[in-house]
Amino acid sequence: MAEEAEEQNTETTRPEFPVGRVKKIMKLDEDINKVTSEALFVVSRSTELFLRFLAEKSAEAAIEKKRKTIKLGDMRVAVKMHRPTSDFLLDSLPLPIQSLDRPATGKARSRPAVEKPLPVGTRRIDRFFHKPENEVPVEIEDD
Amino acid sequence: METEKVVPEAEELPKTIVRRVVKDKLHNCSPDTDISVHKDALLAFCESARIFIHYLSATANDICKESKRQTINAEDVLKAIEEIDFTEFVDPLRDSLDGQLTFRNWIFIFCCNFPAFYFKRRNA
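Cut-offs used in this document
- Residues numbered from 1 in each chain as written.
- Chains lettered and ligands numbered in written order.
- Predicted model: local features only at pLDDT ≥ 70, side-chain atom pairs only at ≥ 80, totals over all residues.
- Heavy atoms only, no water.
- Helix = DSSP H or I, 4+ residues; strand = E, 2+ residues; numbered from the N terminus.
- Buried < 20%, exposed > 50% of the residue type's maximum accessible area, 1.4 Å probe, protein only.
- Contact = heavy atoms within 4.5 Å.
- Areas by Shrake-Rupley, 256 points an atom, 1.4 Å probe, with all protein chains shown as cover.
- Salt bridge = Lys/Arg side-chain N within 4 Å of Asp/Glu carboxyl O.

**Q** Looking at this structure, I do not really get the overall build of chain B. What am I missing?
**A** Each helix and strand counted, chain B has four helices and two strands in total. Its helices and strands taken in sequence order, chain B reads α-β-α-β-α-α from the N to the C terminus. Of all 124 residues assigned to chain B, the portion counted as buried reaches 44%. The contacts of chain B with a sequence gap of at least 6 include a subset with a gap of at least 24, amounting to 40%. Carbon and sulfur atoms form 53% of the exposed surface of chain B, whose accessible area is close to 6800 Å².

So, in structure tokens, the structure goes:
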């Protein structure tokens, strides 16, 4: 009995995603009130699956270019090729030629010209990237 | 990083965990090849995961509100997964969820019965 519990422990509670951190990120959305622990688990696991998917596709793009290091450009290729991912992520990925800028600050200047019609029950991701009023202004150092 | 972070560190996924997940998958895909991740790409993975969490949560929240509920449950999230066209995740997620629930049930039963088990074993 104890052995079975041990097995299930390693299979189902893999220490992959810090659930508390996922919850904090979710709670940044003021519209979200309460979340069941199962829902939180599904979100965490989904994010893990998404990361694994993105990693695989990015690696394929790198290997295509005969490289063994995944770079930003490979991620862009991977995102562009998968429509569900590009729907919400392509605008936020920094361009490889510029230094990595926080997508939240970069959002203001890279708005798509054409607004795609939203699927039912969704809203634009850029709603999340409005700066709160009481935030300290970002200082950018010039090199 | 030379630029100030807009989002505090506490509201990001830890880089070490993101790196571990990515490297684990890369190792599974190509066990013979050692694929590494450039540091800018790793940051982009972290950010992508964070955006995904927001995107999925918001979709699940809308589905939940449509049902006139206040608390997002697992089914809302699973429907949201389909909504955002990541249908291939649904089956693995259901499997994980079933396993998770079974584990928690087991722990609950164990805790309830532990005194009984303990005394049974002592008297055996």
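**Q** How should the pattern of salt bridges be read in this particular structure?
**A** Pairing between side chains becomes possible if they bear opposite charge and their charged atoms approach one another. Residue and element names in this part refer to chain A. The tally for this structure, following the rule as stated, stands at ten salt bridges over all chains. The salt bridge partner of Arg67 is Asp74, with a shortest N-O separation of 2.8 Å. On the basis of relative accessible area, Asp74 is assigned to the buried category, the value being 1%. Note that Asp87 and Arg83 form a salt bridge whose closest N and O atoms lie 2.7 Å from each other. Here Asp87 pairs with Arg83, and both are found in helix 5 (residues 83-89), just four residues apart, close to one helical turn. With a relative accessible area of 31%, Asp87 lands in the partly exposed category. By relative accessible area, which is 45% here, Arg83 ends up partly exposed.

**Q** Explanation requested: the environment of Ser57 of chain B in the structure shown.
**A** Residue placement: Ser57 of chain B occurs in helix 2 (residues 39-66). Along the backbone, Ser57 of chain B and Ala80 of chain B are 23 residues apart, and their C-alpha atoms lie at a distance of 8.0 Å.

**Q** Honestly, the environment of Ile25 of chain A in this entry has me stumped. Any pointers?
**A** If you trace the backbone, Ile25 of chain A turns up in helix 2 (residues 19-27). Apart from the residues within four sequence positions on either side, Ile25 of chain A is in contact with Glu11, Glu12, Leu13, Arg50, Ile53 and His54 of chain B.

**Q** I'm lost on unusual backbone geometry in this one. Help?
**A** One can expect most non-glycine residues to show negative phi and most peptide bonds to be in trans. Residue and element names in this part refer to chain B. Phi at Lys68 is positive, roughly 60 degrees, even though this residue is not glycine. Positionally, Lys68 belongs in the loop between helix 2 and strand 2 (71-72). By relative accessible area, which is 76% here, Lys68 ends up exposed. Positive phi, normally seen in glycine, also occurs at Asp85, with a value near 65 degrees. Considering the arrangement of structural elements, one finds Asp85 in the loop between helix 3 (74-83) and helix 4 (90-123). Given a relative accessible area of 32%, Asp85 falls into the partly exposed group.

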